[in-house]
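# A look at the structure
Listed here are the chains, written in short residue letters.
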Amino acid sequence: MKRLFTISGIFMLLLLSQNTFAQEQSKMKSFTFKSDKTKRNLEDKTTIYEGNVMIKNDNISFENAEKVIHNPENGTYTIYHPKNFKIIAAKSVHKTGKKEDSHVIIYNYKEESITF
């Protein structure tokens, strides 16, 4: 009888683990990324991607950007001169109105906001 309890306990644990893992997977968003060069700046903890940068996820997509700077601390991608930029979903979209920033788009994935 003791052995049966152990086997059923293990079976129940596997079911709970599988259910938890399935819930975590369903929350994950798709993300496709490509660039020609990558540089890591350890001082300001950013990553700089250069040359034909492409990102596609559940909120935005673009291709052939000259440069993208990823800042994980504030959750942003600063995108320079993207081609075919598309907003798929966003909680907020802001326009700065500054002409000198007309080629720059800031995507905040933590807030799901876009500023251009």
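Notes on the structure follow.

Parameters at a glance
- Residues numbered from 1 in each chain as written.
- Predicted model: local features only at pLDDT ≥ 70, side-chain atom pairs only at ≥ 80, totals over all residues.
- Heavy atoms only, no water.
- Helix = DSSP H or I, 4+ residues; strand = E, 2+ residues; numbered from the N terminus.
- Contact = heavy atoms within 4.5 Å.
- Areas by Shrake-Rupley, 256 points an atom, 1.4 Å probe, with all protein chains shown as cover.
- Pairing = 2+ DSSP bridges.

### Observations concerning the overall build of the protein chain
Scanning the protein chain from N- to C-terminus turns up one helix and nine strands. Listing the helices and strands of the protein chain from first to last along the sequence gives α-β-β-β-β-β-β-β-β-β. The contacts in the protein chain between residues at least 6 apart in sequence include a share of 35% that link residues at least 24 apart. Carbon and sulfur atoms make up 55% of the accessible area of the protein chain, which amounts to about 8,700 Å² in all.

### Considerations on unusual backbone geometry
We note that Lys45 has phi near 60°; this positive angle belongs to a residue other than glycine. Although it is not a glycine, Asn84 adopts a positive phi angle of roughly 55°. Following the sequence through the fold, Asn84 ends up in strand S6 (residues 83–87).

### Some remarks on the pairing of strand S3 (residues 46–57)
With four bridges connecting them, strand S1 (residues 31–34) and S3 associate as antiparallel partners. The residue of S3 that forms the bridge with Thr32 is Lys56. As paired strands, strand S2 (residues 37–41) and S3 are joined by five bridges and run antiparallel to one another. Bridge assignment links Thr38 to a residue of S3, and that residue is Tyr49. Linkage of S2 to S3, two consecutive antiparallel strands, is achieved through a turn of four residues, within which Lys45 is found at a positive phi near 60°. Relative to strand S4 (residues 60–71), S3 runs antiparallel, the two being bridged by seven bridges. Note that in S4 the partner of Lys56 across the bridge is Ser61. Between S3 and S4, which follow one another and run antiparallel, lie two residues.

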